[in-house]
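In case you want the letters, here they are:
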Amino acid sequence: MVVLKFGGTSVANSNNIKLVADIVLSHPTEKIIVVVSALGGITDQLIACGEIAATGDEGYLQILASIRLRHLDTVKTLLPISNQSSCLSQVMTLINELEAMCEGVYRLNELSARSKDKIVSYGELLSSKILSGYLLATGHSNTWLDSRMLIKTNSRFGNAEVNFAITNQKIQQAIQSYNTDLMVAPGFIASNQDNVTTTLGRGGSDYTAAIYAAAASAVSLEVWTDVSGMMTADPRWVPNARPLDVLTYQEAMELSHFGAKVIYPPTIQPAMQLKMPVWIKNTFAPQDKGTLIQHEVEEQDNIIRGISSMGNITLLSLEGSGMIGIPGFSKRLFEALANASINVILITQGSSEHSICVGIKHAEKDDAVKAINAAFETEILHNKVEPIQVETDLSIIALVGEGMKSHPGISGQMFGALGRNGINIRAIAQGSSEKNISAVIASHDVKKAVNVLHEAFFETVKKQLHVFVVGVGNVGSKLLQQIHQQHQWLFDNMNLDMKVVGIANSRRMLVDVEGLSLDDWQNALQHGEEQTLDKLTDKLIALNLRNAVFVDITSSEKVAGQYEKLLRKSIAVVACNKIAASDEFKRYEELKKLAREFNTSFLFETNVGAGLPVIGTLNDLVKSGDRINEIQAVLSGTLNFVFNGYDGTRPFADVVKQAQQEGYTEPDPRLDLGGTDVMRKILILAREAGFALEMNDITNNSFMPSACMQGSVEDFYKSMATYEDHFKQLLHDAEAAGCKLKFVASFKDGKAAVGLQHISPEHDFYHLYGKDNIVLFYTNRYVNQPMVIKGAGAGADVTASGVFADIVRVIASS
């Protein structure tokens, strides 16, 4: 004997019912009991029908008409015309009873729990009669079992408790009395000792099947649904969720309790007592293996078996100094809730005994608060206990797996993964059996949390990174090109799935959480959504994506002003923009602090040296205990390009113009020529070396005439042309001394300066060509011979590659 249960989606229409029949008739076991739910969606319609009728609204008649039509159409589509009469007659009899019942509710303007059970019972009665009729019409003899007469319960309508002694006896007698190998029974419904219809709670058809299986001592119970077994997580939220081959009863019950809707939690209890195997199978893919639930399983590769969640949770906290050391407070709290018929889902209490916290369903919040305040009225009045604190819009997320008890560090890994993604935990619970670790979080974080944990425990092979790029000029365009070209390599060699989910310029933005196509993003952006900075960052925050990175490739002070807001939401910031790191020291320090506090990254390697590993190397020196004593550097690829290219044969302004056209300058080249950009760079290096420097602490020995720095960029070029003799004189003086001109930044003894210098042939800077940068670090370890970093310090390609490296570094540090 086996028991097969089919859910609402499995019997939703005539085509699905044919699939059910095929599965039943092809089953290798000779004796079968088939338990069915109502046609998909019918139970909800029946509830609505009763509730609307109770208000005196004739709108219930429209719902009844829809229910009647759907069932009659199902019969007419399913059965040959010559075989429809008997089945149609049974269906109409039940429909007439239902209509009479609803009319009574309508006339009385009252829907009791007893009447509601009676109304919703017709869903399973109708579906089981139709399946039985179809099997009979196709030549397969079967017996219809009336579950109301076999499963006996108390009178707790809506969620009745089964009397197993009587129920088992009646089921066994029924099986013995019928000379048939195939039986069909409605799920969900039962009756009390007076034969009044009761129900086993929503999802109770699973329970019905388990009751039949246990009473019949079946070899197995099969629950057929619309997924191929229980999954590691909800596949609607986690695209990479996968079926679980095998689970223990305890693991399945934990997952079911916390929201895995494949089975109804009490289902497993009758089967568990008999150590009966339970299969979860897919009606629409019967060839799939499914999930086997049994008493014991062999040790699995994954310690965690699944991740589940439960929404609409309210947290109630009772605290006060009057609780400390006083026995009985917890008892009184739980008695108050029990007397109000409120189920406690989660409990946590601090060892100080100053507070106790419980999680309940949100729908029971008001009754719970009323009950607790009444129970502790005296203590609240005398300020020994605070009035109950209520937190709503919460959910529970749970890790489940029996293997956790023998593997330390699982909770640390769980909370670390959540913390790194900015998910705040309001309460934690873990039983001594260590089969489950539960955390209460904000409901809007649930989908993100499930994905974060699934990635941490099931997808260690692959990690996703969600990138939002702002600024798509020369460097930004090159970055997107590099990401596009390197995507497959990162996936294959670093197990990293880098998705660009947002692209924005100063006017428009594109956003797609599944990842934007980088084949034709320029054209798509032209037709993108209009953006403002606040709208842009608010959108990124609202997406609430795990492993999110905001990439700023602008020179905008306003964009840099968004960093704090993003870091507080644990969104990493990668800045090519130097403004934030060179702002007031107080703000620089605050940004670094926020990144630490919210477990994220604030990276700006390309602020100095473009793609050269200048800041990273400096950080490594400091972290390893070295001290930076002096820095000598040529930090402007633009100025090095200009002075390497200026020989007096063509105007200085033309050489600067060429540098701008080739993408070496800032958008405003005066930042380069005036020394401001180099000042920012040496300031950032000094700060990263551990010195609290401000911009106005740096001496700027500018070589530019002040008149050139006035007006617009166009005025700048015109003015430079008039000062050509000045620039030629600078060149002549250097050549006369046998030197080259280099714009040098220096830092020593806590002081920094920038300016044009004569560099002699024996100097490290003399043979510095094109747009190259060079940095010399003199430290406690590198005293006489400095550490030297040298290479291209400007250009869209190398700068983009430095930004790219910072993006990859974000996931490497998580």
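Parameters and conventions
- Residues numbered from 1 in each chain as written.
- Predicted model: local features only at pLDDT ≥ 70, side-chain atom pairs only at ≥ 80, totals over all residues.
- Heavy atoms only, no water.
- Helix = DSSP H or I, 4+ residues; strand = E, 2+ residues; numbered from the N terminus.
- Buried < 20%, exposed > 50% of the residue type's maximum accessible area, 1.4 Å probe, protein only.
- Contact = heavy atoms within 4.5 Å.
- Pairing = 2+ DSSP bridges.
- Axes fitted to C-alpha atoms, helices over the stretch in contact; angles between N-to-C directions.
- Core = buried A, V, L, I, M, F, W, Y, C linked by side-chain atoms within 4.5 Å.
- Phe/Tyr/Trp six-rings, centres within 6.5 Å; stacked < 30°, edge-to-face > 60°.
- Lys NZ or Arg CZ within 6 Å of the ring centre and 35° of its normal.
- Polar contact = N/O pair within 3.5 Å; in protein donor to acceptor, adjacent residues only side chain to side chain.
- Arc of directions from axis to C-beta.
- Parallel < 35°, antiparallel > 145°, perpendicular 65-115°, else oblique.
- Nonpolar A, V, L, I, M, F, W, Y, C, P; charged D, E, K, R; others polar.

**Q** Sorry, what's going on with the environment of valine 440 here?
**A** Within the element layout of this structure, valine 440 appears in strand β16 (residues 436-442). Exposure remark for valine 440: the relative accessible area of 0% places this residue in the buried category. When the C-alpha positions of valine 440 and isoleucine 428 are compared, they lie 6.4 Å apart, and in sequence the two are 12 residues distant. Residues in contact with valine 440, not counting those within four places in the same chain, are Leu315, Leu346, Leu394, Ser395, Ile396, Asn424, Ile425, Arg426 and Ala427.

**Q** Explain the sheet that holds strand β15 (residues 425-430) here, please?
**A** With respect to topology, 6 strands assemble into an open sheet ordered β12-β13-β11-β14-β16-β15, the strand pairing being antiparallel. Where the open sheet ends on each side, the last strands, each with one partner, are β12 (346-349) and β15. Each adjacent strand pair in this sheet contributes to an overall mean axis angle of 30 degrees, direction not counted. Bridge count for strand β11 (residues 306-319) against strand β14 (residues 389-400) is 9 bridges, and the pairing is antiparallel. Note on β14: the bridge partner recorded for leucine 315 is glutamate 391. Helix-sheet contacts for helix α11 (residues 329-339) involve β11, β12 and β13 (355-361), and the interaxial angle to β13 is about 15 degrees.

**Q** Before we go on, may I ask you to explain helix α14 (residues 410-420) in this structure?
**A** Given 3.6 residues per turn, any residue in an α-helix points the same way as the ones three and four places further on. For α14, every residue scored as buried is listed here: Ile410, Met414, Ala417, Leu418 and Gly419. Just past α14, the residue glycine 422 takes up positive phi, approximately 70 degrees.

**Q** Honestly, the nonpolar core in this entry has me stumped. Any pointers?
**A** As a rule of thumb, nonpolar side chains are buried together in soluble globular proteins. Membership of the largest hydrophobic core comes to 84 residues, with the highest contact counts inside it found for Phe602, Phe652, Ile682, Phe703, Met720 and Phe777. Tallying contributions element by element places helix α26 (residues 676-688) first for this core, with 7 residues. Dropping the residues within four chain positions of it, phenylalanine 703 is found in contact with Leu639, Phe643, Phe652, Leu673, His726, Phe727, Leu730, Phe743 and Leu756. In terms of nonpolar packing, the next biggest core, distinct from the first, is built from 51 residues, Val24, Ile32, Leu79 and Val184 among them.

**Q** I tried to follow unusual backbone geometry on my own but got confused; where do I start?
**A** Negative phi values dominate among residues other than glycine, just as trans dominates among peptide bonds. Backbone geometry places asparagine 544, a non-glycine residue, at a positive phi of 55 degrees. Relative to the helices and strands, asparagine 544 resides in the loop between α18 (533-543) and β21 (548-552). Although it is not a glycine, asparagine 547 sits at a positive phi angle of roughly 45 degrees. Positionally, asparagine 547 belongs in the loop between α18 and β21.

**Q** Explain the packing of aromatic side chains to me, please; I cannot follow it from the model alone.
**A** The description of two aromatic rings rests on the distance between their centres and on the angle between their planes. All chains considered together, the criterion is met by 14 aromatic pairs. With a centroid separation of 5.6 Å and an interplanar angle of 40 degrees, the aromatic rings of phenylalanine 585 and tyrosine 588 are classed as tilted. Taken as a pair, phenylalanine 585 and tyrosine 588 lie in helix α21 (residues 585-597) at a separation of 3 residues, close to a single helical turn. Across this residue pair, the class does not change: phenylalanine 585 and tyrosine 588 are buried. For the pair phenylalanine 643 and phenylalanine 652, a centre-to-centre distance of 5.8 Å together with 45 degrees between the ring planes defines the contact as tilted. Assessed through its relative accessible area of 8%, phenylalanine 643 is described here as buried. Taking relative accessible area as the criterion, phenylalanine 652 reaches 0% and is therefore assigned buried. Aromatic ring contacts, followed pair by pair, group Phe643, Tyr646, Phe652, Phe703, Phe727 and Phe743 into a single cluster. Residue placement shows lysine 740 over the ring face of tyrosine 766; its charged tip is 4.5 Å from the ring centre.

**Q** Would you mind showing me how to read the environment of arginine 508 here?
**A** With respect to the helices and strands, the residue arginine 508 is situated in strand β19 (residues 508-511). Here the alpha-carbon distance between arginine 508 and asparagine 607, two residues 99 residues apart in the chain, equals 25 Å. Other than its neighbours up to four places away in sequence, arginine 508 contacts Ile503, Leu525, Gln526, Gly528, Glu529, Glu530 and Gln531. Looking at arginine 508, its side chain comes within polar contact range of the main-chain oxygen of glutamine 526, at 3.4 Å. Within the structure, the side chain of arginine 508 is placed 2.6 Å from the backbone oxygen of glycine 528, a separation counted as a polar contact.

**Q** Explain helix α22 (residues 614-623) to me, please; I cannot follow it from the model alone.
**A** Turning to α22, its buried residues are Val614, Ile615, Thr617, Leu618 and Leu621. All buried residues of α22 lie within an arc of 160 degrees about the axis, which places them on one face of the element. Its buried side turned inward, α22 meets β24 (628-634), α26, β28 (772-779) and β29 (787-792). Directly after α22, the chain includes glycine 625, whose backbone phi takes a positive value near 100 degrees.

**Q** For this particular structure, what's the right way to read the sheet that holds β24?
**A** In a beta sheet, neighbouring strands are held together by backbone hydrogen bonds and run either parallel or antiparallel to one another. Here 6 strands make up an open sheet; going across it, the order is β25-β27-β26-β24-β28-β29 and the pairing mixed. Looking along the sheet, the strands with just one partner apiece sit at the ends: β25 (698-701) and β29. Across the sheet, the axes of successive neighbouring strands diverge by a mean angle of 20 degrees, strand direction being ignored. Examined bridge by bridge, β25 and strand β27 (residues 751-759) share 4 bridges and lie parallel to one another. The partner of asparagine 701 across the bridge, within β27, is glycine 755. Sheet strands in contact with α26 are β24, β25, β26 (740-748) and β27, and its direction is about 35 degrees off that of β26. Strands β26 and β27 of the sheet are contacted by helix α28 (residues 724-736), whose axis makes an angle of about 85 degrees with β26.

**Q** I'm lost on the packing of helix α4 (residues 84-108) against helix α5 (residues 113-137) in this one. Help?
**A** Helix-helix packing is characterised by the crossing angle of the two axes and by the distance between the axes. The geometry of α4 relative to α5 is characterised by a closest axis approach of 10 Å and an angle of 170 degrees between their N-to-C directions. By the angle between their axes, α4 is roughly antiparallel relative to α5. Taken together, the residues of α5 that come into contact with α4 (itself represented by Cys87, Gln90, Val91, Leu94, Ile95, Glu97, Leu98, Met101, Cys102 and Val105) are Ser115, Lys118, Ile119, Tyr122, Leu125, Leu126, Lys129, Ile130 and Gly133. Among the residues forming the contact of α4 with α5, the class breakdown is 13 nonpolar, 3 polar and 3 charged.

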